[in-house]
Amino acid sequence: MHYYRYKNKNPEVSCCYKYLMFSYNIVFWFVGAAFLGIGFWAWSEKGVLSDLSQVTRQNGFDPVWVVLVVGTVTFVLGFAGCVGALRENICMLKFFCGVIGVIFFLELTAGVLAFVFQDTLREWISDFFLTNVKGYRDDIDLQNLIDSLQRTNQCCGAQNPNDWNTNNYFNCTDDNPSRERCGVPFSCCLADPAQTVVNTQCGYDIRARPEREWNTVIHVKGCIPALEGWLPRNLYIVAGVFIIISLLQMLGIFLARTLIGDIEMVNCGF
């Protein structure tokens with residue numbers, strides 16, 4: 001559709017597509033750099049950069065890994081797209097196209113597998129959540145992530161509040177010296193509009209009471225059932241986000257492939 005540019009005797013790469021490609025990628029390049037900066041700053045605050053052995057000693061999932069991986073991929077792709085467009089480098093543009101294509105394929109595959117193996121996915125997420133409940137007090141970022149998830153979805157634990165028994169600080173064993181014994185994190189508690197200051201001790205000893213009294217103080221619904229209920233209610237939003245991401249990826253592939261075609265035609269002396 002763009003071959004009209006080659007009808008003259010001196011074909012050249014379209015400046016329009018070239019700088020559209022550059023503008024498209026410079027944004028992602030800066031976003032990737034920002035993600036990397038935030039990730040390394042978070043690790044610096046936790047002392048990981050001064051003692052890298054902490055990475056192998058973590059009991060739960062460190063959310064900083066997500067930030068660093070997303071930042072690295074975005075930064076590398078942004079760099080390849082920007083330099084490939086400005087320098088008219090076919091290798092970098094093909095690398096950009098190939099990686100975007102692989103990511104797009106993995107997204108489609110993950111979506112299909114999640115739909116087909118819903119029960120398996122549900123079990124895996126539940127096990128993953130329980131694993132991270134154990135490391136709740138070991139990583140401040142993981143702690144904040146779980147608190148945010150429980151507050152937002154008004155839930156507690158993976159399936160119910162008793163899942164917090166797997167955490168050394170909250171379990172109800174007689175030999176547990178923790179003040180949080182038989183309790184739950186404050187993010188499990190029912191919100192009190194009259195309180196202007198968060199009561200971080202609201203969940204203390206709650207699981208030592210009869211279960212019929214729990215729902216007056218904390219949320220008794222697990223986060224897995226809460227998320228299962230959230231998805232159908234927000235299906236259009238989730239679908240819209242995935243469609244936008246897919247369109248951006250396809251736009252990047254289209255711009256890169258168009259530039260590659262232009263460069264190859266010029267190099268061949270079309």
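Residues numbered from 1 in each chain as written. Predicted model: local features only at pLDDT ≥ 70, side-chain atom pairs only at ≥ 80, totals over all residues. Heavy atoms only, no water.

Turning our eyes to something else, we now look at the overall build of the protein chain. Helices and strands together make up the secondary structure of the protein chain, namely eight helices and zero strands. Tracing the protein chain from N to C terminus, the helices and strands come up as α-α-α-α-α-α-α-α. For the protein chain, the C-alpha radius of gyration of 25 Å lies well beyond 18 Å, the compact-globule estimate for 270 residues. Projected onto its principal axes, the C-alpha coordinates of the protein chain cover approximately 85 × 45 × 35 Å. The 270 residues of the protein chain split such that 35% are buried. Taking the contacts inside the protein chain whose residues are at least 6 apart along the sequence as the reference set, 69% of them involve residues at least 24 apart. (Helix = DSSP H or I, 4+ residues; strand = E, 2+ residues; numbered from the N terminus. Rg over C-alpha atoms; globule rule 2.2 N^0.38 Å. Buried < 20%, exposed > 50% of the residue type's maximum accessible area, 1.4 Å probe, protein only. Contact = heavy atoms within 4.5 Å.)

To continue, consider helix α1 (residues 15-45). A rise of 1.5 Å per residue sets the reference length of α1, with its 31 residues, at 45 Å; its end C-alpha atoms lie 45 Å apart and thus fit the reference within 8%. Among the residues of α1, those classed as buried are Tyr17, Lys18, Met21, Tyr24, Asn25, Ile26, Gly32, Leu36, Gly39, Ala42 and Trp43. (Expected span 1.5 Å × (residues − 1).)

This part covers the environment of Gly252. For Gly252, the location among the structural elements is in helix α8 (residues 235-267). Excluding residues that lie within four positions of it along the chain, Gly252 makes contacts with Met21, Tyr24 and Phe96.

What follows deals with the packing of aromatic side chains. Under the definition given, this model contains nine aromatic pairs. For the pair Tyr17 and Phe254, a centre-to-centre distance of 5.9 Å together with 75° between the ring planes defines the contact as edge-to-face. Separated by 237 residues along the polypeptide, Tyr17 in helix α1 and Phe254 in helix α8 bring together distant segments of the chain. Taking the relative accessible area as the measure of exposure, Phe254 reaches 35% and is therefore partly exposed. Ring centres of Tyr136 and Trp164 lie 5.0 Å apart, and the angle between their planes is 80°; on these two criteria the pair is classed as edge-to-face. Here Trp164 lies in the loop between α6 (140-153) and α7 (223-233) and Tyr136 lies in the loop between α5 (118-134) and α6, a separation of 28 residues in the sequence. (Phe/Tyr/Trp six-rings, centres within 6.5 Å; stacked < 30°, edge-to-face > 60°.)

The next subject is the environment of Leu86. As for its position among the elements, Leu86 is in helix α3 (residues 64-86). In this structure, the C-alpha to C-alpha distance between Leu86 and Met21, residues 65 residues apart in sequence, is 8.9 Å. Sequence-distant contacts of Leu86, that is, excluding residues within four places in its chain, are made with Lys18, Tyr19 and Phe22.

Relative placement of two packed helices is described by the angle separating their axes and the distance separating the axes. Two elements in contact, α3 and helix α4 (residues 90-116), have axes whose closest approach is 8 Å; the angle formed by their N-to-C orientations is 145°. Our pair here, α3 against α4, has a crossing hand that is left-handed. Judged by residue contacts, Val73, Val76, Leu77, Phe79, Ala80, Gly81, Val83, Gly84 and Ala85 of α3 engage Met92, Leu93, Phe95, Phe96, Val99, Ile100 and Ile103 from α4. A per-class count over the contact of α3 with α4 returns 14 nonpolar, two polar and no charged. (Axes fitted to C-alpha atoms, helices over the stretch in contact; angles between N-to-C directions. Left-handed = near helix turned anticlockwise from the far one by under 90°. Nonpolar A, V, L, I, M, F, W, Y, C, P; charged D, E, K, R; others polar.)

Here we come to α7. Taken together, the buried positions of α7 are occupied by Cys223, Ile224 and Ala226. Looking straight down α7, one finds its buried side chains confined to an arc of 155°; they lie on one side. Where α7 is buried, its residues contact α5 and α6. (Arc of directions from axis to C-beta.)

Right, let's get into the state of the cysteines. Counted by the stated rule, this structure contains four disulfides. Covalent S-S linkage joins Cys155 and Cys223, the inter-sulfur distance amounting to 2.1 Å. Sign of the S-S torsion, about 85° for the bond between Cys155 and Cys223, identifies this disulfide as right-handed. Placement of Cys155 in the loop between α6 and α7 and of Cys223 in helix α7 is noted, with a sequence separation of 68 residues between them. With relative accessibility at 0%, the residue Cys223 sits in the buried group. Each bonded cysteine of the protein chain gets a number by its place in the sequence, and the pairs then read 1-8, 2-5, 3-4, 6-7. Cysteine Cys15 shares no disulfide, and the gap to the nearest cysteine sulfur, in Cys16, comes to 8.9 Å. According to the relative accessible area criterion, Cys16 is exposed, its value standing at 52%. (Disulfide = S-S within 2.5 Å.)

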